[in-house]
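# Per-entry structural report
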Amino acid sequence: MEKKKRVYTFGNGKAEGNAQMRELLGGKGANCAEMNLVGVPVPPGFTITTEVCNEYYQVGQEKIVEELTAEVKAAVKHVEELMNCKFGDPKNPLLVSVRSGARASMPGMMDTILNLGLNDTVAEGMVAKTNNPHFVYDSYRRFVQMYGDVVLGMKPVNKTDIDPFEKIIDEVKEIRGIKLDKDLNVDELKLLVARFKTAIKEQTGKDFPDDPIEQLWGAICAVFRSWMNERAILYRKMEGIPDEWGTAVSVMAMVFGNMGETSATGVCFSRDAATGENLFNGEYLVNAQGEDVVAGIRTPQQITLEGSRRWAALQGISEEERASKYPSMEEAMPELYAELNKIQQKLEDHYRDMQDMEFTVQEGKLWFLQTRNGKRTGTVTASVPVLPW
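### Regarding empty space enclosed by the protein
Following the criterion strictly, the structure yields three cavities of 30 Å³ or more and no others. Of the voids in this model, the second largest cavity is the one considered here, and its volume is about 130 Å³. The wall of the second largest cavity is formed by 17 residues, among which R99, L114, V255, T360 and L369 lie closest to the centre. Residue assignment for the lining of the second largest cavity shows that the elements contributing at least two residues are β6 (96–102) and β8 (247–253). A breakdown of the residues in the lining of the second largest cavity according to their chemical character gives ten nonpolar, six polar and one charged.

### Some points on the sheet that holds β6
On the basis of which strands lie adjacent, the open sheet formed by six strands has the order β2-β1-β3-β8-β6-β7 and antiparallel pairing. The strands lining the two open edges of the sheet, one partner per strand, are β2 (14–15) and β7 (112–116). For strand β1 (residues 7–11) and β2, the ladder comprises two bridges, and the chain directions are antiparallel. Within the sheet, the bridge partner assigned to F10 lies in β2 and is A15.

### Concerning the packing of helix α5 (residues 133–150) against helix α8 (residues 212–226)
Running from N to C, α5 and α8 point in directions that differ by 45°, and their axes come no closer than 10 Å. Classified by the interaxial angle, the pair formed by α5 and α8 is oblique. In the crossing of α5 with α8, the sense of the turn from one axis to the other is left-handed. Mapping the contact onto sequence places F143, Y147 and V150 in α5 and E214, Q215, G218, A219 and A222 in α8. Taken together, the residues that form the contact of α5 with α8 break down as five nonpolar, two polar and one charged.

### Here's the deal with the packing of helix α3 (residues 61–83) against α8
Put simply, α3 and α8 touch, their axes get as near as 11 Å, and they point 120° apart. When the axis of α3 is compared with that of α8, the two are oblique. Crossing geometry of α3 relative to α8 is assigned as right-handed. From α3, Q61, V65, L68, T69, V72 and V76 reach across to α8, where they touch L216, W217, C221 and R225. Class assignment for the residues of the contact of α3 with α8 results in seven nonpolar, two polar and one charged.

What counts, and where the lines are drawn
- Residues numbered from 1 in each chain as written.
- Predicted model: local features only at pLDDT ≥ 70, side-chain atom pairs only at ≥ 80, totals over all residues.
- Heavy atoms only, no water.
- 1 Å grid on protein atoms, 1.4 Å probe; cavity = no way out; pocket = protein on both sides within 12 Å on 5 of 7 lines; lining within 4 Å.
- Points joined across faces, edges and corners; volume = space filled by probe spheres on them.
- Helix = DSSP H or I, 4+ residues; strand = E, 2+ residues; numbered from the N terminus.
- Nonpolar A, V, L, I, M, F, W, Y, C, P; charged D, E, K, R; others polar.
- Pairing = 2+ DSSP bridges.
- Axes fitted to C-alpha atoms, helices over the stretch in contact; angles between N-to-C directions.
- Parallel < 35°, antiparallel > 145°, perpendicular 65-115°, else oblique.
- Left-handed = near helix turned anticlockwise from the far one by under 90°.
- Contact = heavy atoms within 4.5 Å.

Here you go:
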């Protein structure tokens, strides 16, 4: 009997899946495959099917890891070859993101982990390779925080709980009197990594895992567990989504929006979600990773000049101040904006529906991380929807 395929790869314009395989690959996995097939730049990766999520709850974590090991190992090798780097290799490391992706869109309900594959040795290797220690240790502290939250159970249970990681960040920033995370220096970022790991040990009784393979399996299984977290169950009840649909897990090569002033991250919409107007719009942040756009600490900038001027008018900001402090991507990165605009139109034409897209710019190169049919808000006063990163 032929063994059931559980892992589907994508990258470099090729994919084993497509948009019609949403039930099996989830929305994110199906659309990453489809974007490859239509020529959109997407970091290579692979998707573990929604069926495996159901198996996870039937047979347990140990059995699932055993069943998946060979396929996941082959898929990681596929990504390594396309990215020309190696997972866990200190001299030329591959880092990955691990993301959930149900067949029905569930924004913000489940969990994502970025920069996976880092440990002290890999971090030093990345510093030697990139000559950018600030970027490396910024990525490292983000990874330990996300992994601690999602995999190791350090996430606050309710809104009144203090996030242990944010408390540490605030303490370190207060010592030097700075407000923005991006202003932390390399020594402070290294201190955050060490203090985060100490907090994890104190709260969980376990050391933070150094082995990238152990990290990867921890993250994959955490995404399956997130299908049954309280937020996700409540959302499914409200939206009428069956529990048995499960979530897929997509693992993608990391591309970095936090490598400096020629890097950025953002979200965009092919039309105005509030009015339906055929007006490309969205927000971006220079030298940032996805969660920064929604954290509320930094003010995201508008992608289009038109959107930037509308935003400034609402804020009571003069045109001169807007142009100098909050330039649109169309003004600040005109070539990248032109490419972004061309691809968003291509995706809307392909899917024949308004698209809600996530992207990253790494040192001047544009990558798309996701597209999905956009949800209209039905109200003119709506704000940009919350990112699911």
